[in-house]
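Examination of the molecular architecture
Now for the letters of each chain:
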Amino acid sequence: MYNQVQEVIREATLGLDDELVSFRRDLHAHPEIGFNERRTTSRLVQRLTRAGLSPEPLTMGTGLVCEIAPREPVPVLDGERRPARVGLRADIDALPINDTKDVPYASTQAGVAHACGHDVHTTIVLGAGLVLARLRDRGLLRNTVRLIFQPAEEVSPGGAPEVIAEGALEGLDEVYALHCDPRTDVGQVALKKGPITSAADRIRVSLSGPGGHTSRPHATSDVVAALGAVITQAPLVLSRRLDPRSGTSLIWGHVQAGTAENAIPRHGVVAGTMRTLTVEGWERARTLLPEVLEHLVAPYDVAIEVDFDEGLPPTVNHPAGVDRLMDAAQSQLGRGSVTRTEQSLGGEDFSWMLQRVPGAMARLGVRSPGETDWPDIHRPYFDVDEGCIAVGVQVLSRVAAVGAARLS
C-alpha cells in the first residue's frame, strides 16, 4: 500500500504543478492582511469545491477548514493503531509592506505583500488537499485529514486562538505545518525536535510627569532620564533575574519623547519586543518585567504604564511528529531531503495549536540551489524558488495520508 501511496502522491503532484504555481502567483499578486483575506478564502473555497470537497468558511468571515475522510471506514486489525485524524495548517495573510520585486506577479495592492511566504504555505496545503482527494478516490487514504486555512498569523497575538475557539482542532490527533526558509535549498526540509521558534511579546512602556524647564530638573520629574534607565537597564536586569538558559532577549525598536531641547516633556514612550526560548522563561519574564520597570523608574518620580500584547509561546515540535515529517520527506524525496535547523527567535502562532495537539512544523527550503545571497523573509523583495511547492505538497500529503495515531 505504501508504495502505491508514494506513486500516486508523486504523479498527482506532478500533474498539479503548473496549476499550483499559477495559484500561488495569483495569491502573491492579490495579498490581503490579517482578518481581511476574503478573496483568498473565496479562491480556496472555489478550488476545493471543484475537487469534490466540502470546505467550511470560518464564522469570522475569513479562513476555512476542509475535512477529507477515507472513502470507506478503515478496519483496524488486532495490534494495529486506529487511523489518525491529522490537521494540515496554512496561514493565509500577508504583511503590511511594499513589494519591490520586478516580476509579473508582484503585488497589485499598495503597501501589502506576501513577504513571508504565506502564499506558498496556502498553495501547498491546497495542493495537499487535492492530492489527498485523489488518494481517497483510489481507496488509499487511511487517515481523516483536516485542512486548516488560518487567517492573521502576522497579527499579534495571531489568528490561531480564534481558529482554535471555532473548534478547528477538535478531535485531531496530530497537526502539521510548513514555513518558508530562505536559508535552506529547494528540495529539502529542515527539522528540529523541541522548540523551533521562540516566545514573542510586544511591549510598550509609557512614562509621564508634569514636565518642566531643563534648567530646573529638580522641580519636575525627568521623563527622558527615566526612559534612558528603562532602555539601558531593563535588558541588563532581566539577564540577571532570569535563568540565562531561557535565552530572553529584550530589544527596543521605538522611542519618542519631547519636541524641544530645553523642555523636559510630560510624556515619553519606548516600545520593543521580548523574545524567550523556553515556555517557562516566557511565563517568568512576563511576570518579572513590569516589576523591574517599576523599580527602575521609581527614583525619577514618574508615572508608568506597561502594556503587553497577548504574546506567543514558543513553537514546540513533538519528537514523534518530527520523526513523522522526516519519514514522509525521505519516503517521497529521498534521504538527502532532510536537514537540521536551529531554534529561531521569531514568533509563530502555530505554537498555540501545538499546545493543544501534538505535531510539528518543518522549515521548507525555498532557496535555489547554489545561490548564496537569497532575500530573507519580511523584506520587500522576498521571493521563492517555486520548485518548493511540489516539495511541500509531497511531504504534507504523505505525513497526512499514512501512519496512525501515536503522538502523545
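As a reminder, the structure under discussion sits directly above these lines.
**Here we look at the layout of surface pockets**
Approximately 720 Å³ is the volume found for the largest pocket. As for the largest pocket, its lining consists of 34 residues, and the residues nearest its centre are Arg 275, Gly 346, Gly 347, Glu 348 and His 378. When residues of the lining of the largest pocket are traced back to their parent elements, those giving at least two are strand E5 (174-185), strand E8 (199-208), strand E12 (267-276) and strand E16 (359-367). By residue number, the principal contributor to the lining of the largest pocket is E5, which donates 5 residues. Considered class by class, the residues forming the lining of the largest pocket number 12 nonpolar, 10 polar and 12 charged. Here the second largest pocket is characterised by a volume of approximately 180 Å³. Taken together, 13 residues make up the lining of the second largest pocket; nearest its centre are Glu 56, Leu 58, Val 65, Arg 146 and Glu 166. Only strand E1 (56-57) and strand E2 (64-68) provide two or more residues apiece to the lining of the second largest pocket. Per-element tally for the lining of the second largest pocket: the top contributor is E2, with 3 residues. A per-class count over the lining of the second largest pocket returns 6 nonpolar, 3 polar and 4 charged.

**As for the nonpolar core**
The biggest cluster of nonpolar side chains holds 64 residues, and the ones touching the most others in it are Leu 88, Leu 132, Leu 135, Leu 147, Phe 149, Tyr 176 and Leu 396. Broken down by element, the residue count for this core peaks at 10 residues, all from helix H3 (residues 118-137). Counting 23 residues, the second-largest nonpolar core is a separate cluster that includes Val 205, Ala 285, Leu 289 and Leu 293.

**A look at the sheet that holds strand E6 (residues 189-191)**
Judged by pairing direction, the sheet is mixed, and its 8 strands sit side by side in the order E1-E2-E4-E3-E5-E16-E6-E15 without closing on themselves. Here the strands that pair on one side only, and so sit at the sheet edges, are E1 and strand E15 (338-340). Pairing analysis gives 3 bridges linking E6 to E15, with the strands arranged parallel. Looking across to E15, one finds that Val 189 is bridged to Val 338. Where helix H2 (residues 38-50) meets the sheet, it contacts E1, E2 and strand E4 (144-150), and its direction lies at approximately 15° from that of E2.

**Some points on the pattern of salt bridges**
Within the structure shown, the criterion is met by 24 salt bridges. In this structure, Arg 24 engages Glu 386 in a salt bridge whose closest nitrogen and oxygen atoms are separated by 2.9 Å. Taken together, the residues Arg 24 in helix H1 (residues 2-29) and Glu 386 in the loop between E16 and helix H9 (388-401) connect sequence positions 362 residues apart. A salt bridge links Arg 241 to Glu 291; the nearest nitrogen and oxygen atoms lie 3.2 Å apart. Taken together, the positions of Arg 241 in helix H5 (residues 223-241) and Glu 291 in helix H6 (residues 279-297) put the pair 50 residues apart, joining distant regions of the chain.

**Comments concerning H2**
A turn of α-helix holds 3.6 residues, and therefore any two residues three or four places apart point the same way. Counted at 1.5 Å a residue, the expected span for H2 with its 13 residues is 18 Å, and the 18 Å between its end C-alpha atoms agrees. Every buried residue belonging to H2 is among Thr 40, Thr 41, Leu 44, Arg 47 and Leu 48, and all of these are buried. Projection of H2 onto a plane perpendicular to its axis shows the buried side chains occupying an angular sector of 135°, all on one side. Where H2 is buried, its residues meet H1, E2, H3 and E4. Remark: Gly 52 follows H2 within two positions and exhibits a positive phi of approximately 85°.

**Here's the deal with the side chain of Ser 198**
Topologically, Ser 198 is positioned in the loop between strand E7 (194-195) and E8. Look at Ser 198 and you get buried, because its relative accessible area is 0%. In this structure, Ser 198 is in contact with Thr 276, Leu 277, Leu 312, Pro 313, Pro 314, Gln 343, Ser 344, Leu 345, Gly 346 and Gly 347, ignoring residues within four places of it in sequence.

So, how was this worked out
- Residues numbered from 1 in each chain as written.
- Predicted model: local features only at pLDDT ≥ 70, side-chain atom pairs only at ≥ 80, totals over all residues.
- Heavy atoms only, no water.
- 1 Å grid on protein atoms, 1.4 Å probe; cavity = no way out; pocket = protein on both sides within 12 Å on 5 of 7 lines; lining within 4 Å.
- Points joined across faces, edges and corners; volume = space filled by probe spheres on them.
- Helix = DSSP H or I, 4+ residues; strand = E, 2+ residues; numbered from the N terminus.
- Nonpolar A, V, L, I, M, F, W, Y, C, P; charged D, E, K, R; others polar.
- Core = buried A, V, L, I, M, F, W, Y, C linked by side-chain atoms within 4.5 Å.
- Buried < 20%, exposed > 50% of the residue type's maximum accessible area, 1.4 Å probe, protein only.
- Pairing = 2+ DSSP bridges.
- Contact = heavy atoms within 4.5 Å.
- Axes fitted to C-alpha atoms, helices over the stretch in contact; angles between N-to-C directions.
- Salt bridge = Lys/Arg side-chain N within 4 Å of Asp/Glu carboxyl O.
- Expected span 1.5 Å × (residues − 1).
- Arc of directions from axis to C-beta.

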